[in-house]
Amino acid sequence: QVQLVESGGGLVQPGGSLRLSCAASGITFRIYAMGWYRQAPGNQRELVATITPGREINYADSVKGRFTISRDSAKNTIDLQMNSLKPEDAAVYYCYISGPIRQYWGQGTQVTVSS
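Scope of this entry: the structure provided in the associated data block. (Residues numbered from 1 in each chain as written. Predicted model: local features only at pLDDT ≥ 70, side-chain atom pairs only at ≥ 80, totals over all residues. Heavy atoms only, no water.)

Some remarks on the overall build of the protein chain
Part 1 of the reasoning: Helix and strand counts for the protein chain come out as 0 helices and 11 strands.
Part 2 of the reasoning: Secondary structure elements of the protein chain occur, N-terminal to C-terminal, as β-β-β-β-β-β-β-β-β-β-β.
Part 3 of the reasoning: The globule rule puts the C-alpha radius of gyration for 115 residues at 13 Å, and the 13 Å found for the protein chain is close to it.
Part 4 of the reasoning: A principal-axis box enclosing the C-alpha atoms of the protein chain has dimensions of 40 × 25 × 25 Å.
Part 5 of the reasoning: For the protein chain, restricting intrachain contacts to residue pairs at least 6 apart in sequence, the fraction spanning at least 24 positions comes to 54%.
Part 6 of the reasoning: Summing over all exposed atoms, the protein chain offers an accessible surface of approximately 6200 Å²; the carbon and sulfur share of this is 46%.
Part 7 of the reasoning: Of the side chains in the protein chain, 11 bear a positive and 8 a negative charge, and the two mean positions are spaced by 5 Å. (Helix = DSSP H or I, 4+ residues; strand = E, 2+ residues; numbered from the N terminus. Rg over C-alpha atoms; globule rule 2.2 N^0.38 Å. Contact = heavy atoms within 4.5 Å. Areas by Shrake-Rupley, 256 points an atom, 1.4 Å probe, with all protein chains shown as cover. Lys, Arg positive; Asp, Glu negative; His and termini not counted. Charge placed at Lys NZ, Arg CZ, Asp CG, Glu CD.)

Brief notes about the state of the cysteines
Part 1 of the reasoning: In this structure the tally under the stated criterion is 1 disulfide.
Part 2 of the reasoning: Residue pairing for C22: its cysteine sulfur links by disulfide to C95, the two sulfurs lying 2.0 Å apart. The chirality of the disulfide connecting C22 with C95 is right-handed, given an S-S dihedral of about 45 degrees. Taken as a pair, C22 in strand β3 (residues 18–25) and C95 in strand β9 (residues 91–98) lie far apart in primary sequence, 73 residues in all.
Part 3 of the reasoning: Judged by relative accessible area, which is 0%, C22 ranks as buried. (Disulfide = S-S within 2.5 Å. Buried < 20%, exposed > 50% of the residue type's maximum accessible area, 1.4 Å probe, protein only.)

Quick word on the nonpolar core
Part 1 of the reasoning: Ranked by size, the top nonpolar core spans 30 residues in total, and within it W36, L80, M82, Y93 and I97 carry the most contacts.
Part 2 of the reasoning: Among the elements of the structure, β3, β4 (34–39), β5 (46–51), β7 (67–72), β8 (77–82), β9 and β11 (109–113) are those that each provide at least two residues to this core.
Part 3 of the reasoning: Excluding residues that lie within four positions of it along the chain, M82 makes contacts with G16, S17, L18, L20, R66, F67, Y93 and V111. (Core = buried A, V, L, I, M, F, W, Y, C linked by side-chain atoms within 4.5 Å.)

Structural notes on the sheet that holds strand β1 (residues 3–7)
Part 1 of the reasoning: Read from one edge of the open sheet, 4 strands run β1-β3-β8-β7, paired in antiparallel fashion. Bordering the open sheet on either side are β1 and β7, each of which pairs with just one other strand. Strand-to-strand twist in this sheet, taken as the mean axis angle between neighbours without regard to direction, amounts to 15 degrees.
Part 2 of the reasoning: Pairing between β3 and β8: 6 bridges, direction antiparallel. When the sheet's bridge partners are listed, A23 is paired in β8 with T77. (Pairing = 2+ DSSP bridges. Axes fitted to C-alpha atoms, helices over the stretch in contact; angles between N-to-C directions.)

Okay, structure coming up:
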């Protein structure tokens, strides 16, 4: 059974950094597109970053230059390094994998940015 487990969220001051990690199991992770969404209370879910099997990467304009997505195929992890965090980055962050039949999602990890 496919499982995705996010970790690394927490409370950080504006300008600070966090590194999120998503551990995947039950799927041959490296052959599928994957990435991160986020959703703040009252807001729509927003695509933050995506990475393809060929390591092509796309970011939302709001995070370009500040966030970096990466994957480690050997460890089956997807990471999101978040630097220069802003209050508007506060949200629950979800990782996903576009599998052969459907997309898979984790439970999310909370990121709070507050002074």
